[in-house]
Amino acid sequence: MAKNPKAASNRRPIRKPRAAAAASVDIEDLAAPSRSRALGPTSAATAAATVRAELLRWYDANRRDLPWRRAAEPGRGRGEERAYAVWVSEVMLQQTRVPVVVDYYCRWMERWPTVHSLAAATQEEVNEMWAGLGYYRRARFLLEGAKQIVEKGKFPCTASTLREVRGIGDYTAGAIASIAFNEVVPVVDGNVVRVMSRLYAIPDNPKESSTVKRFWELTGQLVDPSRPGDFNQAMIELGATLCSKTKPGCSQCPISSHCQALVLSSQNASIKVTDYPRVVAKAKPRSDFAAVCVVQIAQGLDQVIADMIGKDNFFLLIKRPEEGLLAGLWEFPSVLVDEGKTDLPNRRKEMDKYLKQLLCIDVKRRASVILREDVGQHVHIFSHIRLTMFVELMILNLKDDVDQLCKEGKDSIKVKFIYDDAVESMGLTSGIRKVYNMVKAFKEKRLSEQSQVPTRKRSRLLKQ
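Note on numbering: residues in each chain are counted from 1, in written sequence order. Thresholds applied to this predicted model are a pLDDT of at least 70 for local features of residues and 80 or more for the giving and counting of side-chain atom pairs; totals over whole chains, interfaces and linings are not thresholded and use all residues. Water and hydrogen atoms play no part in the side-chain values, which are based on all heavy atoms of the structure.

**Q** Explain the environment of Ala180 to me, please; I cannot follow it from the model alone.
**A** Strands are runs of DSSP state E lasting at least 2 residues, helices are runs of H or I lasting at least 4, and numbering of each runs from the N terminus. With respect to the helices and strands, the residue Ala180 is situated in helix H10 (residues 170-181). Each residue gets one of three labels from its accessible area relative to the maximum for its type: buried under 20%, exposed over 50%, partly exposed in between, using a 1.4 Å probe on protein chains only. Exposure remark for Ala180: the relative accessible area of 4% places this residue in the buried category. When the C-alpha atoms of Ala180 and Tyr84 are compared, they prove to be 8.7 Å apart, with 96 residues separating the residues in sequence.

As structure tokens, then:
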């Protein structure tokens with residue numbers, strides 16, 4: 001700190017130490033974070049052992065009671081059963097908060113308690129159970145991985161063999177191998193990155209491959225050889241609780257005496273513990289626009305009010321291609337439109353073309369339109385896409401039998417018609433579920449308005 005207050009106020013804040021200071025980070029730096037040099041190998045090993053012991057002591061006293069941890073405890077069932085429980089929980093926990101996962105995990109394990117029972121499930125059953133968790137590719141990989149394991153006849157028990165399973169990467173392989181099979185291997189997720197970057201004051205971009213590699217190496221050197229699974233869970237627990245992104249509880253942290261970021265922050269007021277890991281600006285998601293048409297197939301024109309309610313009527317659903325965004329999931333007819341063509345006439349033109357070319361539904365020739373109205377729009381945010389959905393409701397009376405349309409169309413798109421109550425229980429994505437609820441609210445409001453109008457006039461209004 002400069003002695004001249006004015007000079008100090010004009011100084012540009014130092015948000016992080018120079019990258020060169022961490023270029024040669026090694027486990028030996030744990031020994032004495034406040035000193036200018038690392039101690040010898042013996043002292044470094046002692047420091048590492050101290051970190052392990054202090055972290056595990058804290059974990060034993062403070063760990064959260066979670067169902068998958070109980071299922072994976074040593075001596076609780078066979079190794080395969082523990083591994084399956086860890087696998088399901090770790091996949092669910094990716095990009096999802098723990099309180100949300102608990103209920104999903106319990107329902108999942110009640111329905112598919114073993115890898116063999118999961119392997120016998122269908123993708124649609126899995127999607128229905130997964131609905132609301134998002135990132136549906138995770139559910140597909142779980143099912144495909146289960147089938148692969150059952151086909152081979154044995155659950156892999158090492159990190160290297162686990163990585164051969166469809167959808168299992170370095171992190172999940174390390175978690176299963178260490179927790180279920182006691183293999184001394186590390187795990188590195190966002191929580192661990194936060195702990196390690198502060199422990200060693202690593203200022204580098206945590207997304208760069210060289211930095212990621214360093215995190216894996218350093219964490220691997222720290223893993224407790226006798227309790228690798230508990231150590232890995234302790235690291236994650238610490239990052240998820242005390243070592244949080246914005247408000248770390250350093251005074252309660254069991255390994256704060258070894259934390260270089262904390263030492264640096266105490267020596268220089270312009271450096272904060274929360275400067276680590278470096279915050280990397282996310283790429284701006286691209287903006288997409290889609291016309292979404294909720295198509296309801298009515299059973300006749302003689303009961304107009306019943307058509308609005310949806311009793312004994314069908315909704316048209318389309319299965320997305322097996323590759324790409326939301327692969328293999330069901331949705332209402334949807335077509336992307338250019339940003340400059342999101343007005344209602346252009347959207348309807350594109351939707352009519354889509355229904356005619358891919359689904360053999362010619363709105364003008366093969367159906368009578370009972371009602372077609374704009375419902376509104378909904379913005380759904382994916383990790384890399386900001387999708388604006390322009391929603392409309394179209395109630396049709398088809399001149400042909402609906403069974404003729406329930407067949408595979410172009411580009412492997414599949415069609416099915418389901419009743420209103422079946423839509424409620426389907427594994428729809430949160431975005432499509434929102435669309436359905438918008439339409440449902442619209443119909444309820446419209447029905448309430450029409451109930452105040454004489455019958456003949458009501459029929460004319462619905463057809464407008």
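Here the narrative resumes, following the displayed structure.
**Q** Please explain helix H8 (residues 137-152) as it appears in this structure.
**A** For an α-helix the count is 3.6 residues per turn, leaving residues at separations of three or four pointing the same way. What a helix is expected to span follows from its residue count: subtract one and scale by 1.5 Å. Along its 16 residues, H8 runs 22 Å from first to last C-alpha, staying within 8% of the 22 Å computed at 1.5 Å per residue. Turning to H8, its buried residues number three or more, namely Arg138, Ala139, Arg140, Phe141, Leu142, Leu143, Gly145, Ala146 and Ile149. A contact between two residues is defined here by any heavy atoms of the two lying within 4.5 Å. Looking at the buried residues of H8, the elements they touch are helix H4 (79-93), helix H5 (98-111), helix H6 (115-119) and helix H7 (123-130).

**Q** Looking at this structure, how should I read empty space enclosed by the protein?
**A** Rolled over the atoms, a probe sized like a water molecule indicates the empty space that remains. Here the term cavity refers to a set of points on a 1 Å grid, laid over the protein atoms alone, in which a 1.4 Å probe fits but cannot get out; the term pocket refers to an open set having protein on both sides within 12 Å along at least five of seven lines, with lining residues being those that place an atom within 4 Å of a point. Grid points are joined across faces, edges and corners, and a volume is the space filled by probe spheres set on the points. In the structure shown here, the tally under the stated rule is three cavities of 30 Å³ or more. Computed from the structure, the largest cavity encloses a volume of approximately 140 Å³. Lining the largest cavity are 15 residues; nearest its centre among them are Arg198, Cys243, Cys250, Cys253 and Cys259. It is helix H11 (residues 190-199) that provides the largest number of residues to the lining of the largest cavity, a total of three residues. Its residues assigned to classes, the lining of the largest cavity comprises 12 nonpolar, two polar and one charged. Each residue is assigned to one of three groups, with Ala, Val, Leu, Ile, Met, Phe, Trp, Tyr, Cys and Pro labelled nonpolar, Asp, Glu, Lys and Arg labelled charged, and all others, Gly among them, labelled polar.

**Q** Even after reading the chapter, I still don't get the nonpolar core, so can you show me in this structure?
**A** One finds Tyr84, Trp87, Trp108 and Phe332 to be the most contacted residues of the largest nonpolar core, which totals 103 residues. The biggest single contributor to this core is H4, with eight residues. For our purposes a nonpolar core is just a set of buried Ala, Val, Leu, Ile, Met, Phe, Trp, Tyr and Cys residues, chained together by side-chain atoms within 4.5 Å. Core analysis: the next-biggest nonpolar cluster, separate from the first, contains 23 residues, Ala291, Cys293, Phe314 and Met394 among them.

**Q** Even after reading the chapter, I still don't get the pattern of salt bridges, so can you show me in this structure?
**A** Side chains bearing opposite charge may pair, as long as their charged atoms lie close to each other. Basic side-chain nitrogens of Lys or Arg form a salt bridge, by our definition, when they fall within 4 Å of a carboxyl oxygen of Asp or Glu. As enumerated under the stated definition, the model contains 20 salt bridges in all. The closest approach of N and O atoms between Glu237 and Arg69, which form a salt bridge, is 2.7 Å. Linking Glu237 in helix H13 (residues 228-240) with Arg69 in helix H3 (residues 67-71), this pair joins segments that are 168 residues apart in sequence. In this pair, the class of Glu237 matches that of Arg69, namely buried. Among the ionic pairs, Arg320 bridges to Glu331, the shortest N-O distance being 3.2 Å.

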